[in-house]
Amino acid sequence: MNTANSAISRLKSLDYSVVQQCMHCGLCLPTCPTYTATKMERHSPRGRISLVRAIADGRMDLTKTFAEEMYFCLGCLACTSACPAGVNYAEIFEVARASAEESGILKSPKRKLIRWFTVKWLFMDLRRLLFVGKLMRFYQALGLQKLLRGSGVMKLLPARLQELESMTPDIPAKFSAGLIPVITPARGKKRFRVAMLTGCAQDLIFSEINRDTVEVLAQNGCEVYTPHNQSCCGSLHGHNGEWGLAQVLARRNIDQFPPEEFDAIISNAGGCGSHLKHYHQFLADDPAYAERAALWDLKLKDVHEWLARTGLTPVPARNVMPQKVTYHESCHLAHGQKITLEPRQLLRAIPGLELIELPESNWCCGSAGIYNLTQPEMANALQDRKMKNIQGTGAPIVANGNSGCLLQLINGAKQRNMKIRVVHPVTLLAEAYRRAAV
Ligand code: SF4
Ligand code: SF4
């Protein structure tokens, strides 16, 4: 079978009922950022589903335009929240991108090199990512970044490279392994034994959020297991058509965190959690892992979800700090995992915190994995819309539960000179516990 045929057969292997379920009602259209921006049917969920169906039926070839269309989709899953028929667009999207990759229709030497370096090398072994992170840290800590930015040398670079350089995140002095012991005992009575996933980008840029999460879990009766040398969850690979690599990482994580041994396996990043809860989808045909993957999916919990389910230890009303906070929802937490109330409940449980609702709180901020790198125009337009909405609330703090969005908001604020704090809800909770303990 040639590559194009085998890619089409992957599309055909989609449970046909998934594609057929769409009744073309169009209720998803107003919730889709790419359709809203362009008003073109093919940039809508309904249009994309029709394209997938046409290829699976053999009425259309798998073309470059189709492949590009699937990469123009943010994968934000807002359409799944609006759809009355319950169409599993997440599956359609992942299979379509995997088919596009398998067909090789988008191949170019530049694209091949970038994908090899990021998806196949850097994010397959966290030690490599953290090593690159350490180099960046040196570059920033020694003042070289400031020096180069101030010297005007950057202006000699092409505009796109200048833009990418300005998006480089600040690398913290310590990664999760330097902040969190392998075993953190529960504070007070031990009620649960949980495992903590420290992530890849999360570990590299937001290790302090991981430390705060472990602290909050311990405060809530959990003994927390946080091994060093963890692996990426594989969402980057799954969303970018690399199913084989996503499977390798899923097996690695199941081996490192045997689901039978924990009451829950905790993720604090909405994008990762949404992928991590579907390992069975990737390993269903692997007799050695299928059953454990199904158990893994059941044990996987987002931190907000877990705290709401087990009952949050109240924060004593001591050293209360009045603060106004607005909340931007991560697409994959809100639409992918349907977790919308729990983060708000958590924020409202912090004494002195006033939660100001953000207009369009569940509208994508343009981060969408690496979308802000691959589709800068659309990503910037979405970032702009989000920052204006945040500004409109007047809140000096914006909370969000996903590393990609946090970074997108930090960069958005930097570019617009907005003096706002961008923070994970769990960090605000950890700070409240600390204040109350003084
Ligand atoms: S995932 Fe987002 S961008 Fe893609 S079709 Fe659905 S709503 Fe539109
Ligand atoms: S809302 Fe669901 S059924 Fe209706 S067009 Fe969109 S995907 Fe199809």
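Below is a short write-up of the structure. (Residues numbered from 1 in each chain as written. Chains lettered and ligands numbered in written order. Predicted model: local features only at pLDDT ≥ 70, side-chain atom pairs only at ≥ 80, totals over all residues. Heavy atoms only, no water.)

Let us look at the overall build of the chain. Helix and strand counts for the chain stand at 26 helices and nine strands. A globule of 438 residues ought to have a C-alpha radius of gyration of about 22 Å, and the chain, at 22 Å, matches this closely. Taking the principal axes of its C-alpha atoms as reference, the chain extends roughly 70 × 55 × 40 Å. Taken over 438 residues, the chain has a buried fraction of 55%. Once local pairs closer than 6 in sequence are excluded, the contacts in the chain between residues at least 24 apart make up 78%. (Helix = DSSP H or I, 4+ residues; strand = E, 2+ residues; numbered from the N terminus. Rg over C-alpha atoms; globule rule 2.2 N^0.38 Å. Buried < 20%, exposed > 50% of the residue type's maximum accessible area, 1.4 Å probe, protein only. Contact = heavy atoms within 4.5 Å.)

As a further point, take the layout of surface pockets. Taken as a whole, the second largest pocket encloses approximately 500 Å³ of empty space. Lining the second largest pocket we find 25 residues, and of these I205, F206, E208, I410 and V422 sit closest to its centre. Among the elements of the structure, α14 (207-219), α25 (403-415), β9 (421-423) and α26 (425-437) are those that each provide at least two residues to the lining of the second largest pocket. Take the lining of the second largest pocket: its biggest share by element is six residues, from α25. (1 Å grid on protein atoms, 1.4 Å probe; cavity = no way out; pocket = protein on both sides within 12 Å on 5 of 7 lines; lining within 4 Å. Points joined across faces, edges and corners; volume = space filled by probe spheres on them.)

This next bit is on unusual backbone geometry. Across the chain, the bulk of peptide bonds are trans and the bulk of non-glycine residues have phi less than zero. With phi around 55 degrees, N229 is a residue other than glycine that occupies positive phi space. The residue N229 is located in the loop between β3 (222-225) and α15 (235-239) in this model. Judged by its relative accessible area of 62%, N229 falls in the exposed class. Even without a glycine there, the phi angle at K338 is positive, about 55 degrees. Turning to its location among the elements, K338 is positioned in the loop between α21 (331-336) and α22 (341-348).

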